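# Summary of the model geometry
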Amino acid sequence: MTLHRVLEITNDSKNLSRVRGEAAAVLAETAFDREMRNKIIVAVDEALANVVEHAYGGGSGEVRVLFTLDERTLVVRIQDQGVRFDPGERLKTAVDIHEHIRLGLKGGLGMFLMRRIMDDVVYNHDGPDFVNELVMVKNLPQPDLPAEDGDASS
Amino acid sequence: MPDLKLAHQMLSNGACYIEAEGFLDAHTFEQMESLVSGVFDKGCFKLIVKLEKLDYISSAGAGVFVGAIGRAKDNGGDIVFLQPSANVKEVFDLLGLSAIFRFASSRPEAEAAF
């Protein structure tokens, strides 16, 4: 079973709830529990919010969100044709929340959440129909395999 | 139904009680930011924020409180979250905020925090 969903939206923050709804519909097809579904929706929302805020430098543009679900993984791709974005060390750097509070910083937490929640987060650039592509992968919970019977003689 | 519904009232103990319902995300966080800023400007730095009916929070929403708690504490106040929903508490946990902010399971407990 492979499930594909594609959403073509504008970079308007009002579309965040629509994409969260689509993510919830895809996740309903998985064995993730409620808590993990909530977290994955947060990761998708954070990724899209970054694109909405930064990709087009204040202008408007198109964003494509693709969900692919198979037996083993959920893959979420978010593609834009905006300003090339390189996360640099930000994908690896831990957030010091105490420092955020000390300095009164409100932002910069989304990428940290994406990385904590998903199993893999990768940025691609300059594809055939995108400038930036964020790929997030979450491995699905696998059913317990039946214990092997070690006694083959019976 | 709006994406985010906010209500607030001043309490007799000098705290401000805020109730949030719906979705606090990158689309709606400015509503909460404006409310908190307005309450601070009125001199109230003791906030009780009820999150029982808040179905969703993103880092933009949590960031409102991250950005505000320093000013609250600098002015003798604090921010206490009352009955956060499971979805919201999980995000606070991921961000490490559960070890920094105070939480209450009842309104009397929240009011007694000040």
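What you are looking at is a predicted structure, and each value in this text was computed from that prediction instead of being measured.

Parameters at a glance
Residues numbered from 1 in each chain as written. Chains lettered and ligands numbered in written order. Predicted model: local features only at pLDDT ≥ 70, side-chain atom pairs only at ≥ 80, totals over all residues. Heavy atoms only, no water. Axes fitted to C-alpha atoms, helices over the stretch in contact; angles between N-to-C directions. Helix = DSSP H or I, 4+ residues; strand = E, 2+ residues; numbered from the N terminus. Parallel < 35°, antiparallel > 145°, perpendicular 65-115°, else oblique. Contact = heavy atoms within 4.5 Å. Buried < 20%, exposed > 50% of the residue type's maximum accessible area, 1.4 Å probe, protein only. Left-handed = near helix turned anticlockwise from the far one by under 90°. Nonpolar A, V, L, I, M, F, W, Y, C, P; charged D, E, K, R; others polar. Salt bridge = Lys/Arg side-chain N within 4 Å of Asp/Glu carboxyl O. Pairing = 2+ DSSP bridges. Expected span 1.5 Å × (residues − 1). Bend = angle between axes of the 7 residues up to and from the residue. Polar contact = N/O pair within 3.5 Å; in protein donor to acceptor, adjacent residues only side chain to side chain.

## Topic: the packing of helix 4 (residues 110-117) of chain A against helix 3 (residues 86-95) of chain B
Running from N to C, helix 4 of chain A and helix 3 of chain B point in directions that differ by 100 degrees, and their axes come no closer than 10 Å. Looking at the two axes, helix 4 of chain A sits roughly perpendicular to helix 3 of chain B. On helix 3 of chain B, the residues touching F112(A), L113(A), R116(A) and I117(A) of helix 4 of chain A are V91(B), D93(B), L94(B) and L95(B).

## As for helix 4 of chain A
In terms of residue burial, helix 4 of chain A counts as a mostly covered element, since 6 of its 8 residues are buried. Tucked inside the fold, the buried residues of helix 4 of chain A contact helix 2 (34-54), strand 4 (120-127) and strand 5 (130-139) of chain A together with helix 2 (59-74) and helix 3 of chain B.

## Let's talk about the packing of helix 2 of chain A against helix 3 of chain B
Close contact between helix 2 of chain A and helix 3 of chain B brings their axes to 10 Å; oriented N to C, the two are set at 65 degrees. Note on packing geometry: the crossing formed by helix 2 of chain A with helix 3 of chain B is right-handed. From helix 2 of chain A, R34(A), E35(A), N38(A), K39(A) and V42(A) reach across to helix 3 of chain B, where they touch A86(B), N87(B), E90(B), V91(B) and L94(B). Partitioned by chemical class, the residues of the contact of helix 2 of chain A with helix 3 of chain B number 4 nonpolar, 2 polar and 4 charged.

## Some remarks on the interface of chain A and chain B
Often, the extent of an interface is quoted as the loss of accessible area on bringing the components together. Counting residues at the interface gives 26 residues for chain A and 23 residues for chain B. Linking chain A with chain B are 2 salt bridges, by the criterion used here. Note that R20(A) is salt-bridged to D25(B), the shortest N-O span being 2.7 Å. For the side of chain A that touches chain B, the secondary structure elements donating two or more residues are helix 1 (16-27), helix 2, helix 3 (97-103) and helix 4 of chain A. In the side of chain A that touches chain B, the residues fall into 11 nonpolar, 6 polar and 9 charged.

## Overview of the sheet that holds strand 3 (residues 73-80) of chain A
All names here are of chain A. Read from one edge of the open sheet, 5 strands run 1-2-3-5-4, paired in antiparallel fashion. The outermost strands of the open sheet, each flanked by one partner alone, are strand 1 (3-10) and strand 4. Strand-to-strand twist across the sheet, computed as the mean angle between neighbouring axes with direction ignored, equals 15 degrees. Note that strand 3 and strand 5 share 8 bridges and pair antiparallel. Bridged to V75 within strand 5 is V137. Contacting strand 1, strand 2 (62-69), strand 3 and strand 5, helix 2 crosses the sheet at an angle of about 15 degrees to strand 3.

## Quick notes on helix 2 of chain B
All names here are of chain B. With 16 residues, helix 2 should cover 22 Å at 1.5 Å per step; its first-to-last C-alpha distance of 23 Å lies within 8% of that length. The sharpest bend along helix 2 measures roughly 30 degrees and falls at A68. Those residues of helix 2 not exposed but buried are S59, G61, A62, G63, V64, F65, V66, A68, I69, G70 and A72. Directly beyond the C-terminal end of helix 2, a positive phi value near 80 degrees is found at G76.

## Here we look at the pattern of salt bridges
The final tally for this structure, using the stated rule, is 16 salt bridges over all chains. The partner of R5(A) in a salt bridge is E22(A), with the nearest N and O atoms 3.2 Å apart. One end of the pair, R5(A), is in strand 1; the other, E22(A), is in helix 1, with 17 residues separating them in the sequence. Overall, R5(A) belongs to the partly exposed group, its relative accessible area being 37%. Judged by relative accessible area, which is 19%, E22(A) ranks as buried. Between K89(B) and D93(B) there is a salt bridge, with the nearest N and O atoms lying 2.9 Å from each other. Of the two residues, K89(B) and D93(B) are both situated in helix 3; the distance of 4 residues between them amounts to about one turn of the helix. Members of the salt-bridge network, linked through shared partners, are E8(A), R64(A) and D129(A).

## A few points about the side chain of T28(B)
All names here are of chain B. By the element assignment, T28 lies in the loop between strand 2 (16-24) and helix 1 (29-41). In terms of polar contacts, T28 uses its side chain to reach the backbone carbonyl oxygen of F23, at 2.7 Å. From its side chain, T28 meets the backbone nitrogen of D25 in a polar contact 2.9 Å long. Not counting residues up to four positions away in its chain, the partners in contact with T28 are D3, L4 and F23.

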